[in-house]
Amino acid sequence: MSARLRITPPADYLFRRDCCSYGYFLLAPNVWDPATRTLTRPFLLPGGRAHAQIAQPSDAPGGAVTARVDRDLDVADRAALRRQIRRMLNLDDAGVAGFHRADRRWRRAGRGRLFRSPTVFEDLIKTVTSCNVAWPSTITMNRRLCEVIEPAFPAPGQLARRRPQTLRSRCGVGYRDRRIVDLARLITSGRLDMQWLEDPATPDEDAHRALLDLPGIGPYAAGNMMQLLGRYGYLAVDTETIRHGRAVLGFAGSDRAVEKRVRAHYDRFGAHRFRSYWFELWAHYEAKHGPAWTWEPRTTGTQFTAAKLNSD
DNA sequence: GGTAGACCTGGACGC
DNA sequence: GCGTCCAGGTCTACC
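Residues numbered from 1 in each chain as written. Chains lettered and ligands numbered in written order. Predicted model: local features only at pLDDT ≥ 70, side-chain atom pairs only at ≥ 80, totals over all residues. Heavy atoms only, no water.

> Would you mind showing me how to read the protein's contact with DNA strand C here?
Every one of the 16 residues lining DNA strand C counts as a neighbour, but N132, G216, A221, D238 and T239 are closest to it. The protein-proximal atoms of DNA strand C, defined as those within 4 Å of the protein, are 60% sugar or phosphate. Y220 has a polar backbone atom sitting 3.2 Å from a phosphate oxygen of DNA strand C. In the environment of DNA strand C, a phosphate oxygen lies 3.1 Å from a nitrogen or oxygen atom belonging to the side chain of R243. Within the residue set of the surface near DNA strand C, elements represented by two or more residues are α11 (219-228) and α12 (239-247). When residues of the surface near DNA strand C are assigned to their parent elements, the largest contribution, three residues, is made by α11. Here the residues of the surface near DNA strand C sort into nine nonpolar, four polar and three charged. (Near = heavy atom within 4 Å. Polar contact = N/O pair within 3.5 Å; in protein donor to acceptor, adjacent residues only side chain to side chain. Helix = DSSP H or I, 4+ residues; strand = E, 2+ residues; numbered from the N terminus. Nonpolar A, V, L, I, M, F, W, Y, C, P; charged D, E, K, R; others polar.)

This is the structure we're talking about:
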């Protein structure tokens, strides 16, 4: 019993490049296999959980993206899976051409789309688990959330029911326990509307302000969530940004001074600031360790950020 | 508005 | 093997 889904991507979409474009492709429940160039993970569908192996068999830009699923799918399941994969691979991003006009460096390489999660909520929790922690701990937290709560990644209702102490002791999320449960409860109670956040009609400033009001979401996390919502006009400044400002852009001075200069530097890219920043950073990593799609999740993939990559 | 310190975990380091 | 230190972003209290 199995099913197959075929998705037609934009003409410039290259799966191995565009799937491996942001660190979340290395976080559970995502499993990237460099040998087969496939991404495998379970999805929560109306009819229950289903595992899908996603690939682009032609391995050429614009080739059909396929998903091999481990069970039959009814109409509702197929629609939900298609919607989640399209979000995850950012296939409906209409701003790529505009980005390439704003920053011509990436037009030839085709860079433009950033990988994200099938749902905004998964992106939100992944962002919280990436704050104030080294990358290996982020990997562990996401793995345990999938092992303990839900293999296809916990849904808001599943986390809203949990005691914070359970997340702390069994998932290793530390002091983020209460914040994660509070975020889930904000959604299940209807006080936080994820569709409103993702709606292009919602002004960027309103979405950004709403994110900053959430528990566990500060300036960095709000900036990161903005790009995960397809709003690329904000930077997500963390220690790696400062390192990039010093090492690559050549800025000097205090952290605060470097941040100010980094922000001014990317202002020229307007609504595409984050993409220009991020692909610069990503290119720096790939120059040292090869294309991200070749990274072994258990080795290079566990240390792809910051000091470790830069020190090699 | 700016700053100091607490929060929690895992890795690095010294013994 | 054990203890100590440090990195990492957010939040709160305080000035």
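> Please explain the pairing of strand β5 (residues 65-69) as it appears in this structure.
Along any regular strand the residues' side chains alternate between the sheet's two faces. For β5, the buried fraction is high: four of the five residues fall into the buried class. As defined by bridge partners, strand β1 (residues 3-7) adjoins β5 across five bridges and the pair is classed as antiparallel. If you follow R4 over to β5, its bridge partner there is R68. Looking at chain direction, strand β4 (residues 48-55) and β5 are connected through four bridges and run antiparallel. Counterpart to A55 in the pairing with β5 is T66. (Buried < 20%, exposed > 50% of the residue type's maximum accessible area, 1.4 Å probe, protein only. Pairing = 2+ DSSP bridges.)

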